[in-house]
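The primary structure of each chain is shown beneath.
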Amino acid sequence: MSASTIKKAKKLVETSGVKKIDDDLYQIKSSSDPDKSYFVTSDSCECPGFKNFYKFHHGKGLKANCSHLEAVRIFKKEE
Ligand SMILES: [Zn+2]
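The rules behind the values
Residues numbered from 1 in each chain as written. Predicted model: local features only at pLDDT ≥ 70, side-chain atom pairs only at ≥ 80, totals over all residues. Axes fitted to C-alpha atoms, helices over the stretch in contact; angles between N-to-C directions. Helix = DSSP H or I, 4+ residues; strand = E, 2+ residues; numbered from the N terminus. Parallel < 35°, antiparallel > 145°, perpendicular 65-115°, else oblique. Left-handed = near helix turned anticlockwise from the far one by under 90°. Contact = placed C-beta atoms within 7 Å. Nonpolar A, V, L, I, M, F, W, Y, C, P; charged D, E, K, R; others polar. Pairing = 2+ DSSP bridges.

Chemist: Explain the packing of helix α1 (residues 3–14) against helix α3 (residues 67–78) residue by residue, including any values.
Modeler: For the pair α1 and α3, the least separation of the axes is 8 Å and the interaxial angle reads 55°. Our classification of the angle between α1 and α3 gives oblique. Once α1 is placed against α3, the crossing between them reads as right-handed. Contacts between α1 and α3 involve Thr5, Ile6, Lys8, Ala9, Lys10, Leu12 and Val13 from the former and Ser67, Glu70, Ala71, Ile74, Phe75 and Glu78 from the latter. Classifying every residue of the contact of α1 with α3 gives seven nonpolar, two polar and four charged.

Take a look at the structure:
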């Protein structure tokens, strides 16, 4: 995972961009567009980056990741 993904994720948590909606359901602000937000669980996200990851790497046994998924991980650790 890239360092910039982690950096973005930390920033999202620090700026209260992560909101817990339900068990394993989070609403996370888009870092590029503050008016936008994505619904994220511990292993899926609806952002284009996550969807494209599977489009490009499908079947290679890789797990998709994005700054939102990473933000949920950090958020849970700090809870
Ligand atoms: Zn995402």
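Chemist: Please provide a residue-by-residue account of the sheet that holds strand β3 (residues 37–40), values included.
Modeler: Taken in spatial order, the three strands of this open sheet run β1-β2-β3, and their pairing is antiparallel. With partners counted over all chains shown, the strands left at the sheet margins are β1 (18–22) and β3, one partner each. Here the average twist between neighbouring strands, direction ignored, is 25°. With four bridges joining them, β1 and strand β2 (residues 25–29) adopt antiparallel strand pairing. Bridged to Asp22 within β2 is Leu25. Sheet strands touched by α3: β1, β2 and β3. Its angle to β3, the strand with the most contacts, is close to 65°.

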